[in-house]
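# Structural description and commentary
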Amino acid sequence: MNLKNRHFLTLKDYSKEEIRYLLDLAHQLKADKKAGKIGQHLLGKNVCLIFEKTSTRTRCSFEVAALDEGGHATFLSNSQMGKKESIEDTAKVLGRMYDGIEFRGFKQETVEALAKYSGVPVWNGLTDVDHPTQTLADFLTIEEHLDKPLEDIKFVFTGDIRNNVCYGLMYGAVKMGMHFVCLGPKSLHIDPEVLAYCKEEAKKSGGTIEVTDNVDEAVKDADVIYTDIWVSMGEDESLYKPRVEMLSPYKVTQEMMNKTGKDSTLFMHCLPSFHDFETTVAKTKHDEGIDIREVEDEVFRSKNSVVFDEAENRMHTIKAVMVATLGKDA
Ligand SMILES: NCCC[C@H](N)C(=O)O
Ligand SMILES: NC(=O)OP(=O)(O)O
C-alpha cells in the first residue's frame, strides 16, 4: 500500500483497503510506542498546523506524533490567511517551507484550496462538514474494545446528526461496511447529498445507513452509542436553547444504554463534552435555565465509556496518517 503524498481531506477519498491500512499502521505505531520503540519515520520533516478554531486533542496529537517520529511541528493560529493574504498565496508560501500542512477551521473549501495550491500533503483537522482523523481514532478504539470486525458493528450516532463528526463517521462507516444509525429529530435534516453518497457506498460495502427518530428501535442491539455536543464551534450561542429543546430526547442516559440489551455497548464521544456543569459554558447556560448536557455524567464515567481511549487514539491515528502520507518506509 502506498499512500505517499496523498492528502487526507475526507475518508470519501479513501478505499476500504486504504482505511484498513491506516488502522493497522496505527495499531502498530501504538504498540511500538508502548514498547518504548522510538520512531524515525518523520526525521527531517517539518509540518505546519493551522488552527482557526480552538483545540486540545487535535493540536496536541499532531505535535506529539510529529515529535515522536523525529519531525518538527509549527503551531500557526494567527496567520493572515483569508484576511490579508489569499488562501492560494498562503498555501504556496507554506508549501515552500513545510513538508505537510494540517488545517482546522471553518470551511472544507479552505482545506481543499490548501491541498490544491501547497504542493505538499494536507490533513483535515476538522472543518464544518468533516472530521476524518476523529473517525480513524474512533474505529481504532472500537477494534481495541470489541471482539468483532467493523462490518459487524451496529453504530448509533445520537443527537446533532448533521454535524461534522457525524458526517465524518458516516463516511468511514459506509466504507468499512458498518451498520450506522443516525438518531435524531425529524426536524434535523441530513444534507441529502451526504445521505445519497453514504447510501450508495453502503450498497457497495454491504453496510447500511438508517435515519430515525425512534430511540427504542435505534439503540436495540447497538454495539456503540456515540454523541457530540449540541452546538458546534462557530455556531451561534443563541442556538443552545432551541437545540436543547430539540435534542433532549436524544441525550445519552443510562436508560438509553440499558435499552441496547447488551452489557458491552460502548459509550463514545469525540470530546470536549458537557457531561457536568464544570465548564463556564455549561454553568452559565445552567444559570439561565438551559441544561446543555448531551450525556449523563453517570454514563460518561461508566465502565462502558471509552472516551479517553478515543482521545489517546487521536495521537496514534494522526501519527499513522502523517507517516503513511509523508514518512519514510511505512
Ligand atoms: N472537538 C470536536 C468538536 C466537534 C464539534 N462538532 C465542533 O465542531 O465543535
Ligand atoms: N475531538 C477533538 O477534535 O478534540 P479537540 O477539539 O480538542 O481537538
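Residues numbered from 1 in each chain as written. Chains lettered and ligands numbered in written order. Predicted model: local features only at pLDDT ≥ 70, side-chain atom pairs only at ≥ 80, totals over all residues. Heavy atoms only, no water.

## Some thoughts on the site of ligand 2
Our working definition: The criterion for a residue being near a molecule or strand is simple. One of its heavy atoms has to lie within 4 Å of it. Two N or O atoms form a polar contact when they lie within 3.5 Å of each other; inside protein one atom must be a possible hydrogen donor and the other a possible acceptor, and for residues adjacent in sequence the pair counts only when both atoms belong to side chains.
Close contacts around ligand 2 come from Ser55, Thr56, Arg57, Thr58, Arg104, His131, Gln134, Cys270, Leu271 and Arg314, and that covers them all. Measuring from an oxygen atom of ligand 2, one finds a side-chain N or O atom of Arg104 at 2.8 Å. Backbone polar atom of Leu271 to a nitrogen atom of ligand 2: 3.1 Å apart, as the coordinates give it.

## Side note on the packing of aromatic side chains
We apply this condition: Geometry of aromatic contacts follows a simple scheme: Phe, Tyr and Trp rings, the Trp one being its six-membered ring, pair when their centres are within 6.5 Å, and the pair is stacked under 30 degrees between planes, edge-to-face over 60, tilted otherwise. Helix and strand assignments come from DSSP, with helices taken as H or I runs of at least 4 residues and strands as E runs of at least 2, each series counted from the N terminus. Buried residues are those whose accessible area, probed at 1.4 Å on protein chains only, stays under 20% of the maximum for their type, while exposed residues exceed 50% and partly exposed ones sit between those limits.
Under the defined criterion, the tally for this structure stands at eight aromatic pairs. Here the aromatic rings of Phe51 and Phe75 are separated by 5.4 Å at their centres, their planes lie at 45°, and the arrangement is tilted. Placement of Phe51 in strand β1 (residues 46-51) and of Phe75 in strand β2 (residues 72-76) is noted, with a sequence separation of 24 residues between them. The class of Phe51 is buried, set by a relative accessible area of 4%. Given a relative accessible area of 31%, Phe75 falls into the partly exposed group.

## As for the site of ligand 1
Let me state the cut-off plainly: For this classification, the nonpolar set comprises Ala, Val, Leu, Ile, Met, Phe, Trp, Tyr, Cys and Pro, the charged set comprises Asp, Glu, Lys and Arg, and every other residue, Gly included, is treated as polar.
For ligand 1, the full set of nearby residues is Leu126, Asn163, Asn164, Val165, Asp228, Ile229, Ser232, Met233, Leu271 and Pro272. Between ligand 1 and Ser232 there is a distance of 2.7 Å, counted from a nitrogen atom to a side-chain nitrogen or oxygen. Between ligand 1 and Met233, the relevant distance is 2.8 Å, taken from an oxygen atom to a main-chain nitrogen or oxygen of the residue. Class assignment of the residues belonging to the shell around ligand 1 gives a composition of six nonpolar, three polar and one charged.

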